[in-house]
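# Structure at a glance
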Amino acid sequence: PDNFSYNGVISAFGRAGRWEEAVALLRQLAAGEVAHGGEALSPDLVSYTAAISACAEAGRAAEAAALLEELRSSGLPLSILPFSKAIAAAAKAGEWRVACATLRQVSSLQLRHNALTTNLVLRACDAAGEPAAALSALLPLLRESAAAGVASPADEETLELVPHLLLRAAEAAEVAEAVEGAEVAGVWS
């Protein structure tokens, strides 16, 4: 079996809810305990993403965050997908602060945001009763995409979530700050 096969097994463990076995297999790959054709196999981006996804399915935010940090330290090329999966794990676990922090990492690494990551963070903050945090996470993304001249990391769901979040923020007497931030971002004027 090669990396492709092992990545498939890691993914299958994740889909079956067996996140510990998915992570254990990733660890075996990382330790050089798995060989193909006489050479030790190493985990690749897909291996890490599959293991992070397994943690996300189980709502294991801390484990997903640790694997994401390991991936970042590995020197492998990065993509938005493992970050999205780590954000999903944080959202499922109710860790809205972790979801927001992971979203900020995406920005700091200059990876291109997408509506999935945006909406996961917005929903995590909303579920935690933190509408102002959701809006604070969204506004820099809108500014970044406008400044870079790229498509906004928003979709129809985002556009449905924003008014809901504004209403929730208003109920919490935080609307003035949210509207002011939106005007500064040039979203509403």
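The following paragraphs examine the structure supplied in this document. As the structure is a computational prediction, the values presented were derived from the model and not from experiment.

A count of helices and strands for the chain gives ten helices and two strands. The 189 residues of the chain split such that 42% are buried. Here the chain displays about 9,500 Å² of accessible surface, and carbon together with sulfur accounts for 54% of that area. Here the chain holds 13 positive side-chain charges and 23 negative ones, and the gap between their average locations is 2 Å.

Let's shift gears to the nonpolar core. Residues Ile 10 and Leu 67 are the most contacted members of the largest nonpolar core, which totals 28 residues. Of all elements in the fold, only helix H1 (3-15), helix H2 (19-30), helix H3 (45-57), helix H4 (61-74) and helix H5 (80-92) reach the threshold of two or more residues within this core. If you tally residues by element for this core, the top one is H3, at seven residues. Excluding residues within four positions of it along the chain, Ile 10 makes contact with Ala 22, Leu 25, Leu 26, Leu 29, Ser 47, Ala 50 and Ala 51. With 24 residues, the next largest nonpolar core counts Trp 96, Ala 133, Ala 137 and Val 162 among its residues.

Summed over all chains, the structure comprises six salt bridges. Its salt-bridge partner being Arg 60, residue Glu 63 comes within 2.8 Å of it at the nearest N-O pair. Using a relative accessible area of 32% as the deciding quantity, one classes Arg 60 as partly exposed. Between Asp 126 and Arg 168 there is a salt bridge whose closest N-O contact spans 2.4 Å.

Take the environment of Ser 136 next. Residue placement: Ser 136 occurs in helix H8 (residues 131-148). Look at Ser 136 and you get partly exposed, because its relative accessible area is 43%. For the pair Ser 136 and Leu 122, spaced 14 residues apart in the sequence, the C-alpha separation amounts to 9.7 Å.

Attention now moves to helix H7 (residues 115-127). With 13 residues, H7 extends 18 Å between its outermost C-alpha atoms, agreeing within 8% with the 18 Å of an ideal straight helix rising 1.5 Å per residue. The residue sitting at the N-terminus of H7 and contributing the capping side-chain oxygen is Asn 114; that oxygen lies 3.1 Å from the backbone nitrogen of Leu 116. A positive backbone phi angle near 75 degrees is found at Gly 129, which sits one or two residues after H7.

For the rest of this paragraph, the subject is unusual backbone geometry. Not every positive phi belongs to a glycine, and Gln 110 is a case in point at roughly 60 degrees. Secondary-structure assignment places Gln 110 in the loop between helix H6 (96-108) and H7. A residue is classified by how much of its surface remains accessible, and Gln 110, at 73% relative accessible area, is exposed.

With that settled, the discussion passes to the side chain of Thr 118. Structurally, Thr 118 is set in helix H7. What Thr 118 contacts, discounting residues up to four positions off in sequence, is Leu 138, Leu 141, Pro 153 and Thr 158.

This part covers the side chain of Thr 158. One can find Thr 158 in helix H9 (residues 156-171). Residue Thr 158 is classed as buried on the basis of its relative accessible area, which comes to 1%. Among the polar contacts made by the side chain of Thr 158, one reaches the main-chain amide nitrogen of Asp 155 at a distance of 3.0 Å. Setting aside its immediate chain neighbours within four residues, Thr 158 contacts Thr 118, Asn 119, Leu 122, Leu 138 and Pro 153.

H4 packs onto H2 with a crossing angle of 20 degrees between their chain directions and a minimal axis gap of 12 Å. Put simply, H2 runs roughly parallel to H4. Judged by the sense of rotation from one axis to the other, the crossing of H2 with H4 is left-handed. In this structure, H2 uses Trp 19, Val 23, Leu 26 and Arg 27 to contact H4, whose residues at the interface are Glu 63, Leu 67 and Glu 70. For the contact of H2 with H4, the class distribution of residues is four nonpolar, no polar and three charged.

Criteria and thresholds
Residues numbered from 1 in each chain as written. Predicted model: local features only at pLDDT ≥ 70, side-chain atom pairs only at ≥ 80, totals over all residues. Heavy atoms only, no water. Helix = DSSP H or I, 4+ residues; strand = E, 2+ residues; numbered from the N terminus. Buried < 20%, exposed > 50% of the residue type's maximum accessible area, 1.4 Å probe, protein only. Areas by Shrake-Rupley, 256 points an atom, 1.4 Å probe, with all protein chains shown as cover. Lys, Arg positive; Asp, Glu negative; His and termini not counted. Charge placed at Lys NZ, Arg CZ, Asp CG, Glu CD. Core = buried A, V, L, I, M, F, W, Y, C linked by side-chain atoms within 4.5 Å. Contact = heavy atoms within 4.5 Å. Salt bridge = Lys/Arg side-chain N within 4 Å of Asp/Glu carboxyl O. Expected span 1.5 Å × (residues − 1). Polar contact = N/O pair within 3.5 Å; in protein donor to acceptor, adjacent residues only side chain to side chain. Axes fitted to C-alpha atoms, helices over the stretch in contact; angles between N-to-C directions. Parallel < 35°, antiparallel > 145°, perpendicular 65-115°, else oblique. Left-handed = near helix turned anticlockwise from the far one by under 90°. Nonpolar A, V, L, I, M, F, W, Y, C, P; charged D, E, K, R; others polar.

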